[in-house]
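Okay, here's what each chain looks like letter by letter:
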Amino acid sequence: VDLYRRHRGAMEQFLLAGGVNESWLTGKGEIEKQLAATRSLQMVNQRMLEHLAGARDELQQRLLSQGLTAEEIRRLSPDTRLDANLASVHNICETIRDALEDNRSALVLLRQHWGVWRLDDQGRVKWSQDFYASQRYTTLRKAVDTRIHKVEGMHQQWVKTLSKLPGGSAATPAPQREG
């Protein structure tokens, strides 16, 4: 729960710093803020991935240590449901990891090539020259947008799945992205 709260807090900070929205990049300071928020979320997301890798076994060990039998544990939370939920969260975190890495790389390109690009009237990066960095940036931005869209879809599906479980609720809001 604590790790989830940290993940959510890091995500909120990431969004407050502009998230993946390039229209916030009006100066070098904003690039640095987005890079710092990206790194912070990357670290928490990595810890979440590591935690999820051993969560099922840890949960079973804790329940066993509380005196529950293996049969009681299976009745409380069938392996298929537990595995499916852990797998869903793990897939979301892996996709976030990949999107953050691409976002970090795009921000580094913008920082390295400061003055060779500007924001257009719609808040999108436009390069003043066509060279490798502009092509690389375009590729990275497309990958970020695709992955963020994928995360949103996976999260919505996961919320639907949770709402169908006994005691489940569809009240879990989907993370909102800027831009």
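Residues numbered from 1 in each chain as written. Predicted model: local features only at pLDDT ≥ 70, side-chain atom pairs only at ≥ 80, totals over all residues. Heavy atoms only, no water.

**Here we look at the overall build of the protein**
Thinking step 1. Of regular secondary structure, the protein possesses five helices and two strands.
Thinking step 2. Of all 179 residues assigned to the protein, the portion counted as buried reaches 36%.
Thinking step 3. When contacts within the protein are restricted to residue pairs at least 6 apart in sequence, long-range pairs at least 24 apart make up 68% of them. (Helix = DSSP H or I, 4+ residues; strand = E, 2+ residues; numbered from the N terminus. Buried < 20%, exposed > 50% of the residue type's maximum accessible area, 1.4 Å probe, protein only. Contact = heavy atoms within 4.5 Å.)

**Observations regarding the packing of aromatic side chains**
Thinking step 1. Taken as a whole and assessed by the stated rule, the structure comprises three aromatic pairs.
Thinking step 2. Taking the centre distance of 5.3 Å and the plane angle of 90 degrees together, the rings of Trp 114 and Trp 117 count as edge-to-face.
Thinking step 3. Feature note: the residues Trp 127, Phe 131 and Tyr 137 constitute an aromatic cluster, connected by ring pairs. (Phe/Tyr/Trp six-rings, centres within 6.5 Å; stacked < 30°, edge-to-face > 60°.)

**Here's the deal with the pattern of salt bridges**
Thinking step 1. Within this structure, the stated rule accounts for eleven salt bridges.
Thinking step 2. Residue Asp 120 is joined to Arg 124 by a salt bridge in which the shortest nitrogen-to-oxygen separation is 3.7 Å.
Thinking step 3. Given the relative accessible area of 40%, Arg 124 is considered partly exposed.
Thinking step 4. Salt bridges sharing partners connect three or more residues here, namely Glu 22, Arg 141 and Asp 145. (Salt bridge = Lys/Arg side-chain N within 4 Å of Asp/Glu carboxyl O.)

**Some points on the nonpolar core**
Thinking step 1. Membership of the largest hydrophobic core comes to 26 residues, with the highest contact counts inside it found for Met 11, Phe 14, Leu 41, Leu 52, Cys 93 and Ile 96.
Thinking step 2. Those elements that place two or more of their residues in this core are helix H1 (2-16), helix H2 (28-65), helix H4 (79-112) and helix H5 (132-164).
Thinking step 3. Once residues within four sequence positions are removed from consideration, Phe 14 is found in contact with Gly 19, Val 20, Ala 37, Thr 38, Leu 41, Leu 100 and Asn 103.
Thinking step 4. In this structure, Val 108, Leu 109, Trp 117 and Tyr 137 belong to the second largest nonpolar core, which totals 15 residues. (Core = buried A, V, L, I, M, F, W, Y, C linked by side-chain atoms within 4.5 Å.)

**Some thoughts on the environment of Asp 98**
Thinking step 1. Within the secondary structure layout, Asp 98 lies in helix H4.
Thinking step 2. C-alpha of Asp 98 to C-alpha of Gln 42: the two residues are 56 residues apart in sequence and 9.4 Å apart in space.

**Looking at H5**
Thinking step 1. Its 33 residues place the ends of H5 48 Å apart at the C-alpha level, agreeing with the 48 Å of an ideal helix rising 1.5 Å per residue.
Thinking step 2. Listing the buried residues of H5 in full gives Ala 133, Ser 134, Tyr 137, Leu 140, Arg 141, Val 144, Ile 148, Val 151, His 155, Trp 158, Val 159 and Leu 162. (Expected span 1.5 Å × (residues − 1).)

**Some words on the side chain of Gln 42**
Thinking step 1. Here Gln 42 shows up in helix H2.
Thinking step 2. We classify Gln 42 as buried; its relative accessible area is 18%.
Thinking step 3. Beyond its immediate stretch of four places on either side in the chain, Gln 42 contacts Leu 100, Glu 101 and Arg 104.

**What about the confidence of the model for the protein?**
If pLDDT is low for a region, its predicted coordinates should not be looked at in detail.
Thinking step 1. Taken residue by residue, the protein gives an average pLDDT of 84. The fraction at 70 or more is 87%.
Thinking step 2. Confidence, read as mean pLDDT per element, is least for helix H3 (residues 70-76) in the protein (75) and greatest for strand S2 (residues 125-127) (93). (pLDDT = per-residue confidence, 0-100.)

**Brief notes about H2**
Thinking step 1. With 38 residues, H2 should reach 56 Å at 1.5 Å per residue; the first-to-last C-alpha distance of 53 Å fits that figure.
Thinking step 2. At the exit of H2 stands Gly 67, carrying a positive phi of roughly 100 degrees.

**Here we look at the packing of H1 against H2**
Thinking step 1. At a minimum axis distance of 9 Å, the contact between H1 and H2 shows a crossing angle of 155 degrees. Viewed along their axes, H1 and H2 adopt a mutual orientation that is roughly antiparallel. The way H1 lies across H2 gives a crossing that is left-handed. Contact residues: H1 offers Leu 3, Tyr 4, Arg 6, His 7, Ala 10, Met 11, Gln 13 and Phe 14, while H2 offers Ala 37, Thr 38, Ser 40, Leu 41, Val 44, Asn 45, Arg 47, Met 48 and His 51. (Axes fitted to C-alpha atoms, helices over the stretch in contact; angles between N-to-C directions. Parallel < 35°, antiparallel > 145°, perpendicular 65-115°, else oblique. Left-handed = near helix turned anticlockwise from the far one by under 90°.)

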